[in-house]
Amino acid sequence: MNTNPIGIFDSGVGGLSIWKEITTLLPDESTIYLADSANAPYGDKTQEEIIELCIKNTEKLISLDCKIIVVACNTATTNAINILRKKYTIPFIGIEPAIKPARLQTKTNSIGILATKGTLNSLLFAQTANKYMDGIKIIEIEGKGLVSLIETGKIHSPEMTHLLYQYIHPILQNNIDCLVLGCTHYPFLIPQIKKITGDTINIIDSGRAIAKQTKAILISQNTSNNISNSSPAHKIYSNLNTEIIKTLLNNHSLNFDLILEKF
Ligand code: DGL
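Residues numbered from 1 in each chain as written. Predicted model: local features only at pLDDT ≥ 70, side-chain atom pairs only at ≥ 80, totals over all residues. Heavy atoms only, no water.

Q: For this particular structure, what's the right way to read the packing of aromatic side chains?
A: Where two aromatic rings form a pair, the distance of their centres and the angle of their planes describe that pair. For the structure on display, the rule yields 2 aromatic pairs. Here the aromatic rings of Trp 19 and Phe 256 are separated by 6.0 Å at their centres, their planes lie at 85 degrees, and the arrangement is edge-to-face. Of the two residues, Trp 19 sits in helix H1 (residues 16-25) while Phe 256 sits in the loop between helix H11 (243-248) and strand E10 (257-260), which places them 237 residues apart along the sequence. What makes Phe 256 partly exposed here is its relative accessible area of 22%. (Phe/Tyr/Trp six-rings, centres within 6.5 Å; stacked < 30°, edge-to-face > 60°. Helix = DSSP H or I, 4+ residues; strand = E, 2+ residues; numbered from the N terminus. Buried < 20%, exposed > 50% of the residue type's maximum accessible area, 1.4 Å probe, protein only.)

Structure follows, in structure tokens:
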């Protein structure tokens, strides 16, 4: 039994899509979320830069007594998780584009993957894609600019509508029936993406699977919080802008402390 918080970090607000799934599946657990928005987007940085930022975030979460760290960012996971696991003893959960679930679901044998340049160019992504690619056409699309628009609160802007159409419409010619969202920011765009894809394409993200995996690891390591009437605390840190977080979590029922702080 361990009442310490679950630590979660992302290059910015995208990992809140994962935070929502974790707090829903594990209502007794406390959480600390780091939005490293001052350094977003990670997807355009070098691997060395991404590793350095991940180390900074990890050390902050360890200093806040977290018991496990969820790297709620595909770009950070695919570029840095192996290094983090070698460097620290705390358990890490990573997130990667859901190629395997898409492989299992596709009937047309053609899937699209929307992700950042940093994820698509990573070795870990190439290895996973190769593993499941047999007989499958994978169309990779770099979502250039999408993270920055989300980080600056422009989710419903004409620029966003334009970019999404420019990226997604052409790949519909390839008979895809699954579109993998390989970036934790993108689930916030699902209603707009559906306007382009219609209802016939499955949009797949990894949020729920990550929450389930977090639960399984806590149980297997005997570090869940088992106190049934506990009152979990949730702290969300941003090093740039807390307004966008308020907007994104506007309808969320959980109480959380929002902290603007340099880290
Ligand atoms: N949420 C991050 C991801 O899942 C966004 C990366 C970025 O900052 O470019 O990849």
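Q: Would you take a moment to explain the sheet that holds strand E8 (residues 202-204) for this structure?
A: Pairing between the strands of a sheet comes from backbone hydrogen bonds, and it takes one of two forms, parallel or antiparallel. Read from one edge to the other, the open sheet built from 4 strands follows the order E6-E5-E7-E8, with strand pairing classed as parallel. The open sheet terminates on both sides in strands that have one partner only, identified here as strand E6 (137-142) and E8. Neighbour-to-neighbour, the strand axes of the sheet open up by a mean angle of 20 degrees, direction not taken into account. Sheet topology note: the strand E5 (residues 110-115)/strand E7 (residues 178-182) ladder contains 5 bridges and is parallel. (Pairing = 2+ DSSP bridges. Axes fitted to C-alpha atoms, helices over the stretch in contact; angles between N-to-C directions.)

Q: Can you walk me through the site of the ligand in this structure?
A: By nearness alone, 13 residues border the ligand, and Ser 11, Tyr 42, Gly 43, Thr 75 and Thr 184 come closest of all. Separating an oxygen atom of the ligand from a backbone N or O atom of Gly 43 is a distance of 2.7 Å. Interatomic distance of 2.8 Å between a side-chain N/O atom of His 185 and a nitrogen atom of the ligand. Protein burial of the ligand: of its 290 Å² of free accessible surface, 99% is covered by the chains. Considering only residue class, the shell around the ligand consists of 5 nonpolar, 7 polar and 1 charged. (Near = heavy atom within 4 Å. Polar contact = N/O pair within 3.5 Å; in protein donor to acceptor, adjacent residues only side chain to side chain. Areas by Shrake-Rupley, 256 points an atom, 1.4 Å probe, with all protein chains shown as cover. Nonpolar A, V, L, I, M, F, W, Y, C, P; charged D, E, K, R; others polar.)

Q: How do you make sense of helix H3 (residues 74-87) when you look at a structure like this?
A: Residues separated by three or four positions in an α-helix point in the same direction, a consequence of the helix having 3.6 residues per turn. With 14 residues, H3 should reach 20 Å at 1.5 Å per residue; the first-to-last C-alpha distance of 19 Å fits that figure. Of all bends in H3, the biggest is about 65 degrees, found at Ala 80. (Expected span 1.5 Å × (residues − 1). Bend = angle between axes of the 7 residues up to and from the residue.)

Q: Which parts of the structure should I look at to understand the state of the cysteines?
A: Following the criterion strictly, the structure yields 0 disulfides and no others. Of all cysteine sulfurs in the structure, the one in Cys 73 sits closest to Cys 54, which takes part in no disulfide; the separation is 6.9 Å. Not engaged in a disulfide, the cysteine Cys 178 finds its nearest cysteine sulfur in Cys 183; these two sulfurs lie 19 Å apart. (Disulfide = S-S within 2.5 Å.)

Q: Which parts of the structure should I look at to understand the environment of Thr 106?
A: Among the structural elements, Thr 106 can be located in the loop between helix H4 (99-105) and E5. By relative accessible area, which is 9% here, Thr 106 ends up buried. As a C-alpha pair, Thr 106 and Ile 68 span 38 residues in sequence and 33 Å in three-dimensional space. Not counting chain neighbours up to four residues away, the residues in contact with Thr 106 comprise Ile 111, Ile 136, Asp 177 and Cys 178. (Contact = heavy atoms within 4.5 Å.)

Shape descriptors only; they carry no functional weight alone.
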